[in-house]
Amino acid sequence: MKNNNKKTFIIIGATGGIGSVLTTSFYKQGYNLVLSSRKLPELEKLAYAMDESRVLVVAADATNSDDIERLYAEAKSKFGTIDAIVVSAGSWEQLSIDKPLKEASALADKHYQIFFKIPFNAVYGAQEVFRDQKRLLILNISSHTAVRFDLDGNMTYSPMKAASHALIYNLIHELKINKIVNIKACDLMPAIVNTKEAAKWLDTAEKKAMAVQPEAIAAWIIENVDNDHIESEKLFLSKLVL
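Residues numbered from 1 in each chain as written. Predicted model: local features only at pLDDT ≥ 70, side-chain atom pairs only at ≥ 80, totals over all residues. Heavy atoms only, no water.

(A) Main features of the packing of helix α3 (residues 65-79) against helix α4 (residues 101-129). In contact at an axis separation of 10 Å, α3 and α4 are set at 45 degrees when each is read in the N-to-C sense. For the element pair α3 / α4, the angle class is oblique. Our pair here, α3 against α4, has a crossing hand that is right-handed. For the pair formed by α3 and α4, the contact residues are Ser65, Ile68, Tyr72 and Lys76 on the first element and Asn121, Ala122, Gly125, Ala126 and Val129 on the second. Each residue belonging to the contact of α3 with α4 can be placed in one class, and the counts come to five nonpolar, three polar and one charged. (Axes fitted to C-alpha atoms, helices over the stretch in contact; angles between N-to-C directions. Helix = DSSP H or I, 4+ residues; strand = E, 2+ residues; numbered from the N terminus. Parallel < 35°, antiparallel > 145°, perpendicular 65-115°, else oblique. Left-handed = near helix turned anticlockwise from the far one by under 90°. Contact = heavy atoms within 4.5 Å. Nonpolar A, V, L, I, M, F, W, Y, C, P; charged D, E, K, R; others polar.)

Set out below in structure tokens:
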């Protein structure tokens, strides 16, 4: 059943550390939610106590274009208009220059799939499927490493995050030259975020407090979802140095 009285968000990577906080924050805000990740049991656990009329869970491999098309089709079928799509995929894995090429190359392939292929499929598919709407906001969560090259252990993570950052800027350019004004896009670039995936590095209460809080990212999105002049990128900085 379609309900256009509330905002509807699609969260790709909903069960991750950032995605799960976004899910909780947006649900409390009264939004309809389409929650997607690869594993259905984790999605069902996340949505267990939520109103089924407001939440749709879709298990999908976002590296697969067919799965992205199915996700968007199911979202449109249930809710009609989609107000925003948030892409939050993967977590930091370090690579310096001390690993054998074979191991480093395997991690590069993995990071390409997670940090570029997922955003590419999600973003490209969104502008294609939802272009006839009055408005749509596309948000990619990359990293401050997309524009910082002085941080240790980022031989694969940083280049792939930089690629997804460039993807958003190229999308904005293509929308402009094609005079498509109803779709907006922004790249969110946090420093290390206080999530379960970052516990290895945030091993003290002080470090956790100094990290970017996922609730701050959620609050910024809520504040800016209706902003017709939203900036192309948003940095979330931290004084923590790892």
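Still to come is the rest of the account.
(B) Here's a closer look at the sheet that holds strand β3 (residues 55-59). Strand order in the open sheet formed by seven strands is β3-β2-β1-β4-β5-β6-β7, and the pairing between neighbours is parallel. Edge strands, defined here as strands with exactly one partner in the open sheet, are β3 and β7 (233-236). This sheet shows a mean twist of 15 degrees between the axes of neighbouring strands, independent of strand direction. In the sheet, strand β1 (residues 8-12) pairs with strand β2 (residues 32-37) via five bridges, with the strands oriented parallel. Paired with Ile12 across the bridge in β2 is Ser36. Helix-sheet contacts for α4 involve β1, β4 (84-87), β5 (136-141) and β6 (183-190), and the interaxial angle to β5 is about 175 degrees. Along the sheet, helix α5 (residues 157-177) makes contact with β5, β6 and β7, crossing β6 at roughly 160 degrees. (Pairing = 2+ DSSP bridges.)

(C) Here's a closer look at the packing of α4 against α5. Contact geometry for α4 and α5: axes closest at 8 Å, N-to-C directions at 15 degrees. Here α5 runs roughly parallel to α4, going by the angle between their axes. Crossing of α4 over α5 shows right-handed handedness. Where α4 approaches α5, its residues Ala108, His111, Tyr112, Phe115, Phe116, Pro119, Phe120, Val123 and Gln127 are matched on the opposing element by Tyr157, Met160, Lys161, Ala163, Ser164, Leu167, Ile168 and Leu171. Class assignment of the residues belonging to the contact of α4 with α5 gives a composition of 13 nonpolar, three polar and one charged.

(D) Region of interest: the pairing of β1. The element β1 is extensively covered by neighbouring structure, given that five of its five residues are classed as buried. Covered by surrounding structure in β1 are Thr8, Ile10 and Ile12 together with Phe9 and Ile11, the residues of both alternating faces. For the handedness criterion, the β-α-β arrangement of β1, helix α1 (residues 17-28) and β2 is classed as right-handed. When β1 meets β4, the two strands line up parallel, connected through four bridges. Pairing of Ile12 across the sheet is with Val87, part of β4. (Buried < 20%, exposed > 50% of the residue type's maximum accessible area, 1.4 Å probe, protein only. Right-handed = clockwise from strand over helix to strand, strands pointing away.)

(E) Layout of the pattern of salt bridges. In the structure shown here, the tally under the stated rule is nine salt bridges. For Lys110, the salt bridge is made with Glu93, and the minimal N-O distance between the two is 2.9 Å. Taken together, the residues Lys110 in helix α4 and Glu93 in the loop between β4 and α4 connect sequence positions 17 residues apart. The residue Arg135 makes a salt bridge to Asp228 at a minimum N-O spacing of 2.8 Å. (Salt bridge = Lys/Arg side-chain N within 4 Å of Asp/Glu carboxyl O.)

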